[in-house]
Amino acid sequence: MKAAMFYGPGDLRLEDIPEGTPGPGEIAVEVKAAATCGTDLKSYRRGHPKLFPIMPARFGHEFAGVVSTVGAGVTKFSPGMRVVAANTAPCGQCWACTLGRESLCENLEFLNGAFAEQVVIPASIVARNTYELPEGLSFEAAAPLEPLATVVHGMAESGIALGDAVVVHGAGPIGLMFVRLATLRGATVVSVDRSAWRLEQARTAGATEIVNIAGADAPDERIAAIKAVTPSGRGADVGIEAAGHPEVWEQTVATLRPGGTAVLFGGPPKGTSFSVDTAAMHYNEYTLKGVFHHTPRHVETAIRLLGNGGIDGNSLVTETRPLNRLIESLEDMAAGRGSKYVLIP
Ligand SMILES: [Zn+2]
Ligand SMILES: [Zn+2]
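First things first, this report covers the structure right here in the doc. (Residues numbered from 1 in each chain as written. Chains lettered and ligands numbered in written order. Predicted model: local features only at pLDDT ≥ 70, side-chain atom pairs only at ≥ 80, totals over all residues. Heavy atoms only, no water.)

Points about the coordination of the zinc ion (ligand 2)
Part 1 of the reasoning: Within the first shell, the zinc ion (ligand 2) binds the protein through Cys91 (SG), Cys94 (SG), Cys97 (SG) and Cys105 (SG), at distances of 2.3 to 2.4 Å.
Part 2 of the reasoning: Here the donor residues for the zinc ion (ligand 2) map to a single chain with the spacing C-x2-C-x2-C-x7-C. As far as the burial class goes, Cys97 and Cys105 line up, both buried. (Donors = N, O, S within 2.8 Å, 3.2 Å for Na, K, Ca; no water. Buried < 20%, exposed > 50% of the residue type's maximum accessible area, 1.4 Å probe, protein only.)

Printed below as a string of structure tokens:
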């Protein structure tokens, strides 16, 4: 079968490899749709020691497909079932899982290998984080389940309430999902980005105001432009960082109203830091929250939202392409020509 193999930064190859056989508790899935994500692009460019400790490694983690064979002891799934899986499962045993903080699980096992004709899902993910697709939900629309689950997690931490003024910084797929879900929760949403085409997508997702900060190089200029479109110019009740740049983390905090909450969601490069004005932090009583990953509960909510039309997975996809255009698609993402591609093996 054809599978994408990652040999190191900038070196991804489509190769012929033998199909995997599911061991006890595992299932083999014929991939029908696999989606690219920001993590794939980051890994492709810089590598990812946590995701790819041994190379060459299978690549990709957002997918949906049909069960082809099941390993010993699997009772929940049978050949022919349409399924989608998250990219990890918490162990349920460690201190973090015991505290109910499953996104911090010390033993998260990562699934890689979605960009292939077939993938074997590890037993822990089969047991806790694999789901049958709701009727009417297509493989393409279900593939971006994992990022949506992380956004559901971010929404749970945000405390966004009916009527809140929410500013979402960044209008890539993650930002668009926040715009959509914050709108569903009854907030008025401002989308901030440097790309006119991404901001148009944010408008379609529900943003009532868009702020294009292209050309606004001075932080003060950007902060003023963003605050100007919030109620009385006071700032956001809730600010969401969905870009993954330290300067945007700072911009997110600097555009809060007194007492506001910032959800610092995007993952900046390792080793970077950001700063917050101490007087503002103190006198304005900000709440700053880091959010990482998801839990099975968030994954289940994400599936429900995809299944009931709360969010249309297809609306996040720039284009659907055959699997042999994977590298070209990552290059298009790097060049800012597209933000998410679905690849069909
Ligand atoms: Zn992803
Ligand atoms: Zn754990």
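Remarks on the coordination of the zinc ion (ligand 1)
Part 1 of the reasoning: Donor atoms from the polypeptide that bind the zinc ion (ligand 1) are Cys37 (SG), His61 (NE2), Glu62 (OE) and Glu146 (OE), placed at 2.1 to 2.4 Å.
Part 2 of the reasoning: Each of the four donor atoms bound to the zinc ion (ligand 1) contributes to angles spanning 87 to 166°, and the resulting shape is irregular.
Part 3 of the reasoning: Relative accessible area serves as the criterion here: at 5%, His61 is assigned to the buried category.
Part 4 of the reasoning: On the basis of relative accessibility, which here comes to 0%, the residue Glu62 falls in the buried class. (Tetrahedral: all angles 85-135°; square planar, octahedral: opposite > 155°, others 65-115°.)

Some remarks on the packing of helix H8 (residues 219–227) against helix H9 (residues 246–254)
Part 1 of the reasoning: It is the contact of H8 with H9, at a shortest axis distance of 10 Å, that shows an interaxial angle of 45°. Here H9 runs oblique to H8, going by the angle between their axes. Relative to H9, the crossing made by H8 is right-handed. For the pair H8 and H9, the contacting residues are Arg222, Ile223, Ile226 and Lys227 in the first and Glu247, Gln251 and Ala254 in the second. (Axes fitted to C-alpha atoms, helices over the stretch in contact; angles between N-to-C directions. Helix = DSSP H or I, 4+ residues; strand = E, 2+ residues; numbered from the N terminus. Parallel < 35°, antiparallel > 145°, perpendicular 65-115°, else oblique. Left-handed = near helix turned anticlockwise from the far one by under 90°. Contact = heavy atoms within 4.5 Å.)

What to know about the packing of aromatic side chains
Part 1 of the reasoning: One pass over the structure, following the stated rule, counts six aromatic pairs.
Part 2 of the reasoning: The positively charged end of Arg13 is found above the aromatic ring belonging to Tyr7, 3.6 Å away from the centroid.
Part 3 of the reasoning: Over the ring of Phe139 we find Arg82; its NZ or CZ atom is 4.9 Å from the centre of that ring. (Phe/Tyr/Trp six-rings, centres within 6.5 Å; stacked < 30°, edge-to-face > 60°. Lys NZ or Arg CZ within 6 Å of the ring centre and 35° of its normal.)

Overview of the pattern of salt bridges
Part 1 of the reasoning: A complete count under the given rule lists 13 salt bridges for this structure.
Part 2 of the reasoning: Note that Arg321 and Glu319 form a salt bridge whose closest N and O atoms lie 3.3 Å from each other.
Part 3 of the reasoning: Two residues, Arg337 and Asp332, come together in a salt bridge whose shortest N-O distance is 2.8 Å.
Part 4 of the reasoning: Residue class for Asp332 comes out buried when judged on its relative accessible area of 9%.
Part 5 of the reasoning: Put simply, Glu319, Arg321, Arg325, Glu328, Asp332 and Arg337 are held in one network by salt bridges that share partners. (Salt bridge = Lys/Arg side-chain N within 4 Å of Asp/Glu carboxyl O.)

Section: unusual backbone geometry
Part 1 of the reasoning: Residue Pro56 is reached from Met55 by a cis peptide bond, and omega for that bond is 0°.
Part 2 of the reasoning: The topology assignment puts Pro56 in the loop between helix H1 (38–46) and strand S4 (57–58).
Part 3 of the reasoning: Although it is not a glycine, Glu285 adopts a positive phi angle of roughly 45°.
Part 4 of the reasoning: Topologically, Glu285 is positioned in the loop between helix H10 (278–283) and strand S14 (287–290).

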